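The primary structure of each chain is shown beneath.
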Amino acid sequence: MKRREFLKISSALGGAAVLPSALLSGCAPFPPPPGSGKVTVTPTVCEICFWKCAGFVHREDGEAWKVVGNPEDLHSHGRLCTRGTGGLGAFLDPDRLKHPLLRVKHNGRQTFREVSWNEALDYTADRLKRIAAEHGPDSLAVFSQSVGAQHFRTLAKAYGTGSFAAPDYAQCRAAREVGFFLTYGETIGGQERTDMANSRCIVLIGTHIGENLHNDQVQTFTEAVGKGATIITVDPRFSVAASKSKYWLAIRPGTDLALLLAWTHVLITEGLYDKDYVARYTLGLDELAKHVAAHTPEWAYLETGIEPETIRRTAREMAAHAPATLVHPGRHVAWYGDDTQRVRAVAILNALLGSWGRKGGFYIPEQVKLPEYPLPAFPEPKTTWRDAHGGKYPFAYGGVTNELIAQSSGPNARYKAWLVYEANLPVSVPAVADQIRRAAAELELFVVVDTMPMEVTGYADVVLPECTYLERHDPLRNEPRQRPSLAVRVPAFEPQYESRPGWWIARELGVRLGLEKYFPWKKYREVLDWQLRQVGSSLAEMERIGLKTFPRRNPEYIGAGEDYAFPTPSGKIELYSRQLAEQGFDPMPRYTPPEVAPAGFYRLIYGRMPAHTFSRTTNNPLLFQIMPENSVWVNPLTANDWKLQNGAYIRLKNQDGVLSNRVRVRVTERIRPDAVYLAHGFGHRDRRLRLANGVGASDTQLITQVKMDPIMGATGMRSNFVTFVVQEA
Ligand code: SF4
């Protein structure tokens, strides 16, 4: 069945479950506190976002009670954030996937049928075998996110494909990783190596710590604020972080690079940079000085709207606190298509301040040297994700989701099958809605593994329900941080309904495909125990303590005057990048003014909120109670022009005519008049998600234009404009 109709699981199967009223009413859904029942405690690692805080699940008389942080954990310091605390909602969500589903034809119409695991797995394996024989195993593309993706990557590599894409690569932080790698030879990493607790000055550019609740980062930021650090926030919106700042620079959207170049100009022309650090460790100061000579604060004022004196004063303040000054590298940095270069400008600024490898700047992270479980060598795939890029993006280190999707339909389609793990492509990847529909019509196999009936499952041939993180083992957490540590996720509950752990699903498919040598264990706990024994622990010990910290092998900072070699081709911090020049790119960041909004349109900017992680949690019944919908932030001047009432529902229409769900107006001075703001993750359009469906507006849906970063393939998403539609709301 190649031409797939989009199926809504609840309507296809009929008989939707009733949502427990306790989850929605605000009454306490859990039993009384300990003392009145038998309490058991199980270690876990939170999966509600990618920060991976270690914690403990408490059950009372076998029932879910609460999840709390592990006090030994650097990621949480014993305190989970709002979302982590609401993690039980993922387990309790009555809308979660409960049974394997197979697309069938019934009375001439496509529908999903609940099937046994054997039938779902046999069907998938048979199709994969046929596709490998007819088109080669590298015709399988894998889209995956989160820690459980490792199981399916092992399966796919054993099968013989090399085409992997994680949507967060191109959409989130990869431009940052490449920008810093080109400059320092090292990346920032998923857990930012920012030493904020010791910072005396923190500069945030489009980073809204506090709304972006990466746990200990918020805690260390708060600590720095408490100790009187100077905070400089650059944002068209008065964010929570801006409210803690000495300086809020309400920059004209799209001009951040102009400000960064002007700050660089001030540091160099006023001789405020760390001369010893720059002379000892960097390469290219003369070229940089020439490059920024014309980028005066007066020049930047015309671009950014920030007064020259403010630019000078903030640059001097940064220098006064250096090297304990941190220009934060950001996280979601895929904005305008020149993102690697803009992040390079951040990296360069930090080098001038001497903050890399310094207390209060960027520490040197370490992780545990944890051996991989021994497996046979994987077959060499004939093609990989690099071939899907067609020679573009020479500095890419991962597959660009949009490119792999684009090559999944049409007469020369490279991909014939998709395996999608925990990646809700239609809602989370911008500007690909039509391509996904075309691919769904043509692919020979479309498999989705997920815990929830996300929109992507509506296109699948086979839906394989994974149990939630509270019901499964997963790979050990081993993140590079100030102190190396391992944390373990242990199931606190049996898998509910017919859901199964990802490791079990991947292994069962592997066995059916004749690939059991890549899964030489029966249960994943054997892998964990083997790995832990290599570093002097065991699963039995970790099931008790949850987290183990190991000693550092090297210092946390570069010593004063130390002869330190950076892992770049030159061994220096490369202010001037020969690597970029050799590939035909600007060796130093070059500013391009942003496009002008069409008349009557406003630039769409978007961001995080403390109660949710993207669109993944908006149906979580506990978190839904905290924040059920988003609103569109509109400046009073703009609201006045359009006669928009605070709290009224409107719709947004983008430059390509795409109309949003209805969304409430929030009239506020906290946003510039030339932009509007939406919290990301709302606007699901699927009845299967009974709480989130139709609630709020989706920024992703309105982002129909992306600007690709030619250096590494980031999908810049801030080049979209919206106007207001009042009558149709
Ligand atoms: Fe969970 Fe919050 Fe930690 Fe993310 S920051 S892992 S949601 S507790």
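Keep in mind the model is a prediction, meaning the values are calculated, not measured.

### As for the domain arrangement of the protein chain
Right, on to step 1. Split by domain assignment, the protein chain resolves into domain 1 (101–169 + 386–549), domain 2 (194–364) and domain 3 (602–725).
Right, on to step 2. Taken over C-alpha atoms, the centre of domain 1 sits 38 Å from the centre of domain 2.

### Some words on the pairing of strand β4 (residues 101–106)
Right, on to step 1. Where β4 and strand β5 (residues 109–114) come together, six bridges link them in antiparallel fashion. By the bridge assignment, Leu101 is partnered in β5 with Glu114.
Right, on to step 2. Between β4 and the antiparallel strand that follows it, β5, lie two residues; Asn107 among them carries a positive phi value of about 50 degrees.
Right, on to step 3. With two bridges joining them, β4 and strand β15 (residues 462–465) adopt antiparallel strand pairing. Within the sheet, the bridge partner assigned to Leu102 lies in β15 and is Val462.

### Describing the nonpolar core
One broad trend across soluble globular proteins is that nonpolar side chains are buried collectively.
Right, on to step 1. Of all hydrophobic cores here, the largest spans 115 residues; its most connected members are Trp263, Trp418 and Phe446.
Right, on to step 2. Here this core takes ten residues from helix α10 (residues 256–269), the largest share from any one element.
Right, on to step 3. Residues Tyr421, Val447, Leu528 and Phe550 belong to the second largest nonpolar core, which totals 48 residues.

### What about the packing of α10 against helix α15 (residues 339–353)?
Right, on to step 1. At their nearest, the axes of α10 and α15 sit 10 Å apart, and the two run at 20 degrees to each other. It follows from the interaxial angle that α10 and α15 lie roughly parallel. Classified by chirality, the crossing of α15 by α10 is left-handed. Note on element contacts: α15 touches α10 through Gln341, Arg342, Ala345, Val346, Leu349, Leu352 and Leu353, opposite Asp256, Leu257, Leu260, Trp263, Thr264, Leu267 and Ile268.

### Thoughts on the sheet that holds strand β12 (residues 325–327)
Right, on to step 1. Ordered by their spatial adjacency, four strands build an open sheet running β10-β9-β8-β12, and the pairing between neighbours is parallel. Each edge of the sheet is formed by a strand with only one pairing partner; in this case those strands are β10 (247–249) and β12. The average angle at which neighbouring strand axes cross in this sheet is 10 degrees, direction not considered.
Right, on to step 2. Looking at chain direction, strand β8 (residues 201–205) and strand β9 (residues 230–234) are connected through five bridges and run parallel. Bridge pairing in β9 links Cys201 to Thr230.

### Structural notes on the packing of α10 against helix α14 (residues 308–321)
Right, on to step 1. Running from N to C, α10 and α14 cross one another at 65 degrees; their axes reach a closest spacing of 9 Å. Crossing of α10 over α14 shows right-handed handedness. Of the residues in α14, those in contact with Leu259, Ala262, Trp263, Val266 and Leu267 of α10 are Ile311, Arg312, Thr314, Ala315, Met318 and Ala319.
Right, on to step 2. Partitioned by chemical class, the residues of the contact of α10 with α14 number nine nonpolar, one polar and one charged.

### Section: the pattern of salt bridges
Right, on to step 1. According to the stated counting rule, one finds 43 salt bridges in the structure shown.
Right, on to step 2. Two residues, Asp674 and Arg672, come together in a salt bridge whose shortest N-O distance is 2.8 Å.
Right, on to step 3. A residue is classified by how much of its surface remains accessible, and Asp674, at 29% relative accessible area, is partly exposed.
Right, on to step 4. Three or more residues are tied together by salt bridges with common partners; here these are Glu47, Glu466, Arg472, Asp474 and Arg489.

Criteria and cut-off values
Residues numbered from 1 in each chain as written. Predicted model: local features only at pLDDT ≥ 70, side-chain atom pairs only at ≥ 80, totals over all residues. Heavy atoms only, no water. Domains from an automatic or database assignment. Pairing = 2+ DSSP bridges. Helix = DSSP H or I, 4+ residues; strand = E, 2+ residues; numbered from the N terminus. Core = buried A, V, L, I, M, F, W, Y, C linked by side-chain atoms within 4.5 Å. Buried < 20%, exposed > 50% of the residue type's maximum accessible area, 1.4 Å probe, protein only. Axes fitted to C-alpha atoms, helices over the stretch in contact; angles between N-to-C directions. Parallel < 35°, antiparallel > 145°, perpendicular 65-115°, else oblique. Left-handed = near helix turned anticlockwise from the far one by under 90°. Contact = heavy atoms within 4.5 Å. Nonpolar A, V, L, I, M, F, W, Y, C, P; charged D, E, K, R; others polar. Salt bridge = Lys/Arg side-chain N within 4 Å of Asp/Glu carboxyl O.

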